[in-house]
Amino acid sequence: METTNLFEEQLDLQQIPLASRMRPETLDEIVGQQHIIGKNKLLYRAIKADRLGSIILYGPPGTGKTTIARVIANSTHAYFHKLNATNAGIKDIEKIIKDAQYHYGAYQKKTILFIDEIHRFNKNQQDYLLPYVEDGVVTLIGATTENPYFEINNALLSRCRIFELKPLNKKDLIEIMNRTLSNKEKGLGNANMIMDDEAKKFLADMANGDARSVLNALELAYLTTPTQEDGFLHITLEIVEECIQKKAIRYDANGDNHYDAISAFIESMKHTDPDATLYYLARMLVAGEDIKYIARRICVCASEDVGLANSQAIVVATNAMLAAERIGMPEAAKILAHAALYVCCSPKSDTVYGILYAMNDVKKSGYIPIPSFLQDASYKSAKKLGRGIGLDNIHAFPNHYSGKKCMPKELEDIHYFHLSGNGNEKRIQKFLDYLHEHIK
């Protein structure tokens with residue numbers, strides 16, 4: 001099967017949606033994803049050498065999975081077939097397998113099978129593919145927006161290399177816009193279209209790393225904006241807002257608004273103000289703040305300002321960070337709100353700040369010998385050097401507590417650990433008091 005008809009019918013070029021027209025056809029035209037297709041990277045070398053093994057391309061919508069498949073189709077000497085798992089079944093795969101077996105037997109020519117949204121194939125469909133992928137009858141390229149470790153059979157996964165595509169950053173998206181505006185053959189270069197920098201930045205912010213959504217909005221702006229008296233189409237921030245039905249929030253991701261918003265958010269959690277916590281979280285999310293950045297700040301607050309008063313806070317915050325990163329917006333908004341409210345409504349403590357004072361003392365005091373009884377005694381002759389002598393088995397003592405002091409003598413009167421008495425720290429203090437009383 002020829003590659004030129006796989007991704008779009010032979011229509012008049014201007015009838016094809018802009019996002020499809022602007023798809024790169026060579027590796028060097030691809031914007032972003034340099035961690036997997038940068039020069040000298042494994043996937044880049046495999047495509048260039050036309051020696052591709054079976055792969056799974058995993059990433060959010062609009063990040064280039066189909067684009068990479070198209071580049072492979074344009075680069076390979078193998079037969080290239082495309083299926084979409086939403087409307088394909090075993091009969092479709094069966095036909096391609098038969099053709100692949102014939103072409104390899106007759107002409108020693110390989111076949112590449114690209115399956116878009118492969119996670120939609122059920123277990124039986126995936127199992128049917130397995131022996132042909134294993135025997136090399138077909139080279140599989142699967143594309144999925146879902147975590148392949150959850151959605152694809154382990155047996156099939158083990159025969160494929162997984163490449164994870166990341167959301168495109170704002171710089172990449174602006175470059176795509178600029179290329180589209182200047183490209184006279186496939187883009188809008190003949191449209192006399194001028195787009196304000198403010199509009200470009202806003203559209204890149206709102207796209208969540210999705211190139212397709214950027215190009216769809218750009219096309220809509222072009223189709224709905226009249227030409228001005230000067231002969232140009234002027235695409236302003238207001239026009240872009242209307243095209244994506246979202247108002248711009250004045251927010252500079254690298255400026256004062258960014259730092260003011262995150263500061264207000266953290267202080268609201270620290271001051272146990274749940275309404276303000278949700279409001280400032282909403283401001284950042286609507287403005288397009290990076291959800292991973294927000295999640296990291298919730299984790300920091302969970303330790304710095306809650307700490308031992310409720311140790312579950314860091315557990316909730318960390319799990320929310322992982323979930324938000326894997327699931328993405330818009331669902332991640334609720335996940336982040338869950339974690340932020342949990343931290344906000346937890347008892348507060350700054351007990352963990354003791355590590356900063358300890359680190360400062362280490363920097364000032366330099367090398368202080370570790371008491372010999374605490375030093376490693378696992379190697380031969382350690383006892384002759386006096387190491388590990390007097391280190392008792394802690395579990396032989398009542399309450400598994402010996403009362404032995406482990407600080408160097410030079411620092412034996414210094415205390416870094418101070419409980420606040422809030423939340424779970426009351427129980428910790430009670431337990432420590434009990435141990436100290438019973439050791440005397």
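Residues numbered from 1 in each chain as written. Predicted model: local features only at pLDDT ≥ 70, side-chain atom pairs only at ≥ 80, totals over all residues. Heavy atoms only, no water.

J.: Which residues make up the overall build of the protein chain, and what values do they have?
T.: Scanning the protein chain from terminus to terminus reveals 19 helices and seven strands. Every one of the 440 residues in the protein chain was classed for burial, and the buried ones make up 43%. Excluding contacts between residues fewer than 6 apart, the proportion of contacts in the protein chain whose partners are at least 24 apart in sequence is 73%. Counting every atom, the protein chain has about 25100 Å² of accessible surface; 51% of that belongs to carbon and sulfur. (Helix = DSSP H or I, 4+ residues; strand = E, 2+ residues; numbered from the N terminus. Buried < 20%, exposed > 50% of the residue type's maximum accessible area, 1.4 Å probe, protein only. Contact = heavy atoms within 4.5 Å. Areas by Shrake-Rupley, 256 points an atom, 1.4 Å probe, with all protein chains shown as cover.)

J.: Describe the confidence of the model for the protein chain, with residues and values.
T.: The predicted model of the protein chain has a mean per-residue pLDDT of 85, with 90% of residues at 70 or higher. Summarising per-element confidence for the protein chain, the mean pLDDT is lowest in helix α12 (residues 237-244) (82) and highest in helix α17 (residues 332-344) (95). Ignoring residues within four places in sequence, the model shows residues 1-11, a span with pLDDT below 50, making 24 contacts including any to other chains. (pLDDT = per-residue confidence, 0-100.)

J.: Tell me about the packing of helix α10 (residues 197-206) against α12, and name the residues and values.
T.: At a minimum axis separation of 8 Å, α10 and α12 run at an interaxial angle of 25°. As judged from the angle between their axes, α10 and α12 are roughly parallel. By crossing handedness, the relation of α10 to α12 is classed as right-handed. The segment α10 lies against α12, with Glu198, Ala199, Phe202, Leu203 and Met206 engaging Leu237, Val240, Glu241 and Ile244. Looking at the contact of α10 with α12, its residues break down into seven nonpolar, no polar and two charged. (Axes fitted to C-alpha atoms, helices over the stretch in contact; angles between N-to-C directions. Parallel < 35°, antiparallel > 145°, perpendicular 65-115°, else oblique. Left-handed = near helix turned anticlockwise from the far one by under 90°. Nonpolar A, V, L, I, M, F, W, Y, C, P; charged D, E, K, R; others polar.)

J.: Before we move on, can you summarise helix α11 (residues 211-224) with the specific residues and values?
T.: Over its 14 residues, α11 runs 20 Å from end to end, which matches the ideal 20 Å to within 8%, given 1.5 Å per residue. Three or more residues of α11 are buried, namely Ala211, Val214, Leu215, Ala217, Leu218, Glu219 and Ala221. Those residues of α11 that are buried lie in contact with α1 (18-21), α9 (170-182), β6 (193-195), α10, β7 (233-235) and α12. Of the residues flanking the start of α11, the one acting as N-cap is aspartate 210, its side-chain oxygen 2.9 Å from the backbone nitrogen of arginine 212. (Expected span 1.5 Å × (residues − 1). Polar contact = N/O pair within 3.5 Å; in protein donor to acceptor, adjacent residues only side chain to side chain.)

J.: Can you break down the environment of proline 330 residue by residue, with the values?
T.: Summarising the element assignment, proline 330 is placed in the loop between α16 (312-327) and α17. Remark: the alpha-carbon pair of proline 330 and leucine 285, spanning 45 residues in sequence, is separated by 9.2 Å.

J.: Got a sec to walk through the pattern of salt bridges? Specific residues and values, please.
T.: One pass over the full model with this rule turns up eleven salt bridges. Residue glutamate 267 pairs with lysine 270 through a salt bridge whose shortest N-O separation is 3.3 Å. One end of the pair, glutamate 267, and the other, lysine 270, are both in helix α13 (residues 256-270), three residues apart, so they sit about a helical turn from each other. (Salt bridge = Lys/Arg side-chain N within 4 Å of Asp/Glu carboxyl O.)

J.: An account of the sheet that holds strand β4 (residues 139-144) is needed here, citing residue identities and associated values.
T.: Read across the open sheet, the five strands follow the order β2-β3-β4-β1-β5; overall the sheet is parallel. The outermost strands of the open sheet, each flanked by one partner alone, are β2 (79-84) and β5 (161-164). Across the sheet, the axes of successive neighbouring strands diverge by a mean angle of 15°, strand direction being ignored. Bridge count for β2 against strand β3 (residues 111-116) is six bridges, and the pairing is parallel. What sits directly across from histidine 81, in β3, is leucine 113. (Pairing = 2+ DSSP bridges.)

J.: Which residues make up a nonpolar patch on the surface, and what are the values?
T.: Taken together, the side chains of Ile355, Leu356 and Met359 make up a nonpolar region of the molecular surface, amounting to roughly 280 Å² of accessible area. Take leucine 356: it is sitting in helix α18 (residues 354-365). (Patch = residues over 30% accessible without salt bridge, like charges linked within 9 Å, V, L, I, M, F, W, Y side chains within 5 Å.)

J.: Give me helix α3 (residues 42-49): which residues, what numbers.
T.: Those residues of α3 that sit buried are Leu43, Tyr44, Ala46 and Ile47. An end-on view of α3 places all buried positions within 165° of arc, on one side of the element. Residues of α3 that are buried make contact with α2 (34-37), β1 (55-58), α4 (65-75) and β5. A positive phi of about 55° marks aspartate 50, the residue just after α3. (Arc of directions from axis to C-beta.)

J.: Residue-level account of the packing of aromatic side chains, with values.
T.: What the rule picks out here adds up to three aromatic pairs. Arranged with centres 5.1 Å apart and planes meeting at 70°, the rings of tyrosine 279 and tyrosine 280 form a pair that is edge-to-face. For tyrosine 280, a relative accessible area of 25% puts it in the partly exposed group. For lysine 109, the ring lying beneath its charged end belongs to tyrosine 79, and the centroid distance is 4.6 Å. (Phe/Tyr/Trp six-rings, centres within 6.5 Å; stacked < 30°, edge-to-face > 60°. Lys NZ or Arg CZ within 6 Å of the ring centre and 35° of its normal.)

J.: If you had to explain unusual backbone geometry to someone new, which residues and values would you point to?
T.: The omega torsion of the bond from methionine 329 to proline 330 falls at 5°, within 30 degrees of zero and hence cis. Located in the positive-phi region is glutamate 117, a residue other than glycine, with phi close to 55°. Structurally, glutamate 117 is set in the loop between β3 and α6 (123-135). The exposure class assigned to glutamate 117 is partly exposed, which follows from its relative accessible area of 24%. At asparagine 192, a residue that is not glycine, the phi angle is positive and equals roughly 50°. Considering the arrangement of structural elements, one finds asparagine 192 in the loop between α9 and β6.

J.: Requested: an account of the nonpolar core, with residues and values cited.
T.: Formed by 31 residues in total, the largest nonpolar core has its most connected members in Met193, Met195 and Leu218. Per-element accounting of this core gives the leading share, six residues, to α11. Each residue touching methionine 195, except ones within four places of it in the same chain, is listed here: Met177, Leu181, Lys200, Leu203, Leu218, Ile235 and Val240. In terms of nonpolar packing, the next biggest core, distinct from the first, is built from 30 residues, Leu281, Leu285, Ala295 and Cys301 among them. (Core = buried A, V, L, I, M, F, W, Y, C linked by side-chain atoms within 4.5 Å.)

J.: Any chance you could break down the side chain of glutamine 33 for me, citing the residues and the numbers?
T.: Here glutamine 33 shows up in the loop between α1 and α2. Looking at glutamine 33, its side chain comes within polar contact range of the main-chain oxygen of threonine 63, at 3.1 Å.

J.: Just give me the short version of the pairing of β4, but keep the residues and values in it.
T.: Buried residues dominate β4, accounting for six of its six residues. What you see with β4 is no split at all: Thr139, Ile141 and Ala143 on one side and Leu140, Gly142 and Thr144 on the other are buried throughout. One ladder, built from four bridges, connects β1 with β4; its direction is parallel. Each residue of the ladder has a partner; that of leucine 57, found in β4, is alanine 143. Relative to β4, β3 runs parallel, the two being bridged by five bridges. Looking at β4, one finds that isoleucine 115 is bridged to glycine 142.

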